[in-house]
Amino acid sequence: AGSSTAASKVKRSKLTLDERIGKEFERYADEDGVLEDRMLEFLEDLGVEPDDKVVLVLCQMFDCKQGGVVRRSEWEHGMRRLKCGSVAELSSRLDYLRAMLALPENFQSIYRYAFMINLEPPKKLLERDTAIALWELLFDTDSFALLEEWVAFVRANGPDLVSKDVFFQVHLFSKKFRRDLSAWEDDGAW
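Keep in mind it's a predicted model, so treat the numbers as computed, not measured. Sequence order as written defines the numbering, with residues in each chain counted from 1. Whole-chain, interface and lining totals are the exception, using all residues; otherwise, since this is a predicted model, local features are given only for residues with pLDDT of at least 70 and side-chain atom pairs are given and counted only at 80 or more. Water and hydrogen atoms play no part in the side-chain values, which are based on all heavy atoms of the structure.

A few words on the packing of helix α3 (residues 54-62) against helix α4 (residues 72-81). Following both chains from N to C, one finds α3 and α4 inclined at 100°, their axes separated by 7 Å at the closest point. On the basis of the axis angle, α3 is roughly perpendicular to α4. In this structure, α3 contributes Gln 60, Met 61 and Phe 62 to the contact, and α4 contributes Glu 74, Trp 75, His 77, Gly 78, Met 79 and Arg 81. Only Asp, Glu, Lys and Arg are considered charged in this grouping, and only Ala, Val, Leu, Ile, Met, Phe, Trp, Tyr, Cys and Pro are considered nonpolar; every other residue, Gly among them, is considered polar. Broken down by class, the residue content of the contact of α3 with α4 amounts to 4 nonpolar, 3 polar and 2 charged. To get an axis, fit a line to the C-alpha atoms, keeping to the stretch in contact for a helix; angles then go from 0 to 180 degrees between the N-to-C directions. Helix and strand assignments follow DSSP, with helices taken as H or I runs no shorter than four residues and strands as E runs no shorter than two, numbered in order from the N terminus. Orientation labels follow simple angle bins: below 35 degrees gives roughly parallel, above 145 gives roughly antiparallel, 65 to 115 gives roughly perpendicular, and whatever is left gives oblique. What makes two residues a contact is simply this: any of their non-hydrogen atoms within 4.5 Å.

Written out as structure tokens, the structure reads:
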């Protein structure tokens, strides 16, 4: 009997979590999910600015397929994954989500995700301004010593569209070269 009591408590708490997750989703959802003004309200309640890179981490944890939109299944998946039943609980996980960016393998994954989620279907290339905004969001001069020079160069000379290869190579370039370009090789692949 003790085993079935424990199982029923687990089942009840899981249902309770699911109900809480659903109720929080309904608080912010329109017909198609959480989007536009409701997304801004959600972020405000979460205590996060829309241009905070933790929003990308959160979207990745929710497995969002489209930028600026959270569908019900994505919300439910992400909240369960983070073991949160409310926005207040999710807010308490923000430090954890920010810490994920400090790990190189997580940063690389989030960096790649940022490219994919910002594509406008059916395009396979990012608008130059979107790519620049992502570089300025994800990097700082500590993580990419040549960030300012790179952005100025792309604004002045870059193509209107940025491919996935170029976007991903910028991350590798940021890790390899310091401001003085001391690791530069004239015959290198760059």
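There is more to say, and it comes next.
Moving on, we get to the side chain of Glu 24. Position of Glu 24 among the secondary structure elements: in helix α1 (residues 2-28). With a relative accessible area of 10%, Glu 24 lands in the buried category. N or O atoms closer than or at 3.5 Å make up a polar contact, with two conditions inside protein: a donor-capable atom paired with an acceptor-capable one, and, for residues adjacent in sequence, both atoms drawn from side chains. Engagement of the side chain of Glu 24 in a polar contact is seen with the side chain of Arg 27, the distance being 3.1 Å. When sequence neighbours within four positions are dropped, the list of residues in contact with Glu 24 reads Trp 75, Gly 85, Ser 86 and Val 87. Partly exposed describes any residue whose relative accessible area lies between the buried limit of under 20% and the exposed limit of over 50%, with all areas from a 1.4 Å probe on protein chains only and scaled to the type maximum.

Next up on the list: the pattern of salt bridges. Take a side-chain nitrogen of Lys or Arg and a carboxyl oxygen of Asp or Glu: if they are within 4 Å of each other, that pair is a salt bridge. Scanning the model with the defined rule gives 13 salt bridges in all. Of the charged contacts, one joins Arg 20 and Glu 89 as a salt bridge, the two residues approaching to 2.2 Å between their closest N and O atoms. One end of the pair, Arg 20, is in helix α1; the other, Glu 89, is in helix α5 (residues 87-91), and 69 residues separate them in sequence. Residue classification places Glu 89 among the partly exposed residues on the basis of a relative accessible area of 25%. Among the charged side chains, a salt-bridge network with shared partners connects Glu 24, Arg 27 and Asp 45.

With that settled, consider the nonpolar core. Throughout, nonpolar core names a set of buried Ala, Val, Leu, Ile, Met, Phe, Trp, Tyr and Cys residues whose side chains join them through atoms within 4.5 Å. One finds Phe 42, Phe 62, Trp 75, Trp 135 and Phe 167 to be the most contacted residues of the largest nonpolar core, which totals 56 residues. By residue number, the principal contributor to this core is α3, which donates 8 residues. Among all residues touching Phe 42, those that are not within four sequence positions of it are Tyr 28, Leu 58, Trp 75, Val 87 and Leu 90.

This is a description of form; function is not addressed.
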